[in-house]
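# Structural overview
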Amino acid sequence: AHTSFPLSAPPGKRSATMSEVKMAEVKDMTRIERIGAHSHIRGLGLDDSLEARANSQGLVGQLQARKAAGVILEMIKQGKIAGRAILLAGQPGTGKTAIAMGMAQALGEDTPFTSLAASELFSMEMSKTEALTQAFRRSIGVRIKEEAEIIEGEVVEIQIERPTDGSANKTGKITMKTTDMEAVYDLGQKMIEALSKEKITAGDVITIDKASGRITKLGRSFTRSHDYDAMGPMTRFVQCPEDELEKRKEVVHTVSLHEIDVINSRSHGFLALFAGDTGEIKPEIREQIDTKVSEWRSEGKADIVPGVLFIDEVHMLDIECYSYLNRALENELSPILILATNRGITNIRGTSYKSPHGIPLDLLDRLLIIPTKPYSKKEVSQILTIRCEEEDVEITDKARELLTKIGMSTSLRYAIHMITIANLVAIKRRATMVDVADIKRVYGLFDDVKRSADYLRTYEQHYMFSEGVDGDEDEDDEEEETQGKEKKKRSTRMRVEK
């Protein structure tokens, strides 16, 4: 039996009731997405001249810090710097992590961005230096170029021949065209399955990789835009391709050095990427890969994309990790290192020495330090407004003023935490907007840091293992001893004078 059919639905004459039934079956699908602490950030909020806007892309204030980060970002995009380190230093709740997340959003998907907390290194099953090495190599991309022969065109017709003896071996033909030519190609069993899997119909613009047989659907041709019943709301229309059907196209793949390490270190390395169980990788394998990548670079087959490694709470690293970072930053294949800390002058972990931010002075000397400053009242109000929009909470102006006042007197993070809880309280009393009463209710239910500390000082003796009471008594005893000694000295002086 020989059947010839265009796989698109016939245009035109379907009844209005049928289309209404189909529309009724289509449900609005909302994207399920968790709202995180920095999910509202879309970029650094800079204009073309790298000047920071007061409120843009989810970031508010910190104009100098954002401008400095924008300059670094521009240099990363141009590939002019590598092996440099930046330190975001400031008080808690001043937007250090937010600026780093803004940089990640602005870089896009082509530039590798790896984020980790310093304390993660101490909970892994591998050594600290191996974990840092993997993080460094995960942040370095290799853009590999290769030429592939493809067939690109609009599908005119698909013919499937089913054998009369009932066997499953189907054969067929596909007619494809461009603006300049039209051709017919024979189809085998695998190509027929691939076409049905991708749901290719007549009028679709597709590309077929001749080497792998992979089919990619680019969209639907503009010439089929009148087939209203054959398209959904997400249909993308494209122009019919020009020139020849068969073309040579340069395909670019971007992979990280760590992915190449894992694939080459084990017999089932590709599966280890998905399982996450990479283990420690021998330095000999990394040396061979670095040599091969440098050969590809000299031949023009690959480019190095220096990415970004962001280490939050960097003061949690110890002296061994800092020594490794000093050495790793001198390597040719090194990403941009961004560190963040909220500590002042404190001990370097693993030593008894004090240093600014808990970082050794020799590493601090390598860092470009970007300071962040506390937010003003107006900026706190703007941040709370953005968070209310992100969490889909409607709030009255008076409630926002009260929340801003709480944020200034306690902390910005505490005020942000109150938004969703106050919304739940408002829903409980069947209100559509969060009001002052809801904020007061939540403020009474949950303590901030200052009130909690005051409560502990007041009722310290009622807690287990409380050392404050004994410590106070010891201090009182010491004061009495010193006062007694001073009295004796005065009396001896008076005797000498007499």
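Along each chain, numbering runs from 1 in the same order as the chain's sequence is written. Note on the predicted model: pLDDT of at least 70 is required for a residue's local features to be given, and 80 or more for side-chain atom pairs to be given and counted; whole-chain, interface and lining totals, by contrast, use all residues. Note that water and hydrogens are dropped before the side-chain values are worked out from all heavy atoms of the structure.

Surface patches are drawn from residues lacking salt bridges whose relative accessible area is over 30%; two like charges belong together within 9 Å, two nonpolar side chains (Val, Leu, Ile, Met, Phe, Trp, Tyr) within 5 Å. Residue exposure ignores everything except the shown protein chains as possible cover, and the areas themselves are Shrake-Rupley values with a 1.4 Å probe. For this analysis, a salt bridge means a side-chain nitrogen from Lys or Arg found within 4 Å of a carboxyl oxygen belonging to Asp or Glu. Taken together, the side chains of Tyr455, Leu456, Tyr459 and Tyr463 present a nonpolar region at the surface, about 400 Å² in accessible area. With a relative accessible area of 43%, Tyr455 lands in the partly exposed category. Residue burial is assigned from relative accessible area. The probe radius is 1.4 Å, only protein chains are included, and a residue is buried under 20% of its type maximum, exposed over 50%, and partly exposed in between.

The next thing to look at is the pairing of strand β14 (residues 308-312). Summarising burial for β14: five of the five residues are buried, a large majority. Neither face of β14 is open: one carries Val308, Phe310 and Asp312, the other Leu309 and Ile311, and all of them are buried. With five bridges joining them, strand β5 (residues 113-117) and β14 adopt parallel strand pairing. Within β14, the position partnered with Ala117 by the bridge is Asp312. Note on handedness: a crossover is taken as right-handed if, strands pointing away from the viewer, the path from the first strand over the helix to the second is clockwise. Comment: elements are numbered from the N terminus, with helices defined as DSSP H or I runs of at least four residues and strands as E runs of at least two. Considered for its hand, the β-α-β crossover made up of β14, helix α9 (residues 319-328) and strand β15 (residues 336-341) is right-handed. Pairing between two strands requires that DSSP report at least two bridges joining them.

Charge assignment in this entry is limited to Lys and Arg as positive and Asp and Glu as negative, and neither His nor the chain termini are counted. For this purpose, a charge sits on NZ of Lys, CZ of Arg, CG of Asp or CD of Glu. Taken together, Asp180, Glu242, Asp243 and Glu244 make up a surface patch of like negative charges. Of note, Glu244 is situated in the loop between β11 (237-238) and β12 (246-256).

On to the packing of aromatic side chains. Side-chain rings of Phe, Tyr and Trp (the six-membered ring for Trp) are treated as a pair once their centres are within 6.5 Å; stacked means planes under 30 degrees apart, edge-to-face means over 60, and tilted covers the remaining angles. Applying the stated criterion across every chain yields a total of three aromatic pairs. Here the aromatic rings of Phe136 and Tyr324 are separated by 6.1 Å at their centres, their planes lie at 90°, and the arrangement is edge-to-face. On the criterion of sequence distance, the pair formed by Phe136 in helix α4 (residues 128-138) and Tyr324 in helix α9 is long-range, its members being 188 residues apart. A cation over a ring is seen here: Arg349 above Phe122, with NZ or CZ 4.2 Å from the ring centre. The ring of Tyr443 has Arg451 sitting right over it, with the charged end atom 3.7 Å from the ring centre. Lysine NZ or arginine CZ positioned within 6 Å of the ring centre and within 35 degrees of the ring normal marks a charge as sitting over the ring.

At Asp243, a residue that is not glycine, the phi angle is positive and equals roughly 65°. When you line up the elements, Asp243 lands in the loop between β11 and β12. Positioned with a positive phi, Asp392 is a non-glycine residue whose angle comes to about 55°. Following the sequence through the fold, Asp392 ends up in the loop between α11 (377-390) and α12 (397-409). A residue is classified by how much of its surface remains accessible, and Asp392, at 67% relative accessible area, is exposed.

Before going further, it helps to examine the confidence of the model for the protein chain. pLDDT measures the predictor's confidence residue by residue and takes values from 0 up to 100. For the protein chain, per-residue confidence averages 78 on the pLDDT scale, and residues scoring 70 or more make up 79% of the total. In what follows, a contact means two residues having at least one pair of non-hydrogen atoms within 4.5 Å. Here residues 1-33 is modelled with pLDDT under 50, and outside its nearest four sequence neighbours on either side it reaches 32 contacts, counting other chains as well. pLDDT under 50 marks residues 469-475. Its contacts with residues more than four places away, or in other chains, come to one contact.

Here the focus is the environment of Leu402. For Leu402, the location among the structural elements is in helix α12. The class for Leu402 is partly exposed, based on a relative accessible area of 21%. In this structure, the C-alpha to C-alpha distance between Leu402 and Lys440, residues 38 residues apart in sequence, is 8.8 Å. Non-local contacts of Leu402, meaning those with residues more than four positions away in its chain, are made with Val436, Ile439 and Lys440.

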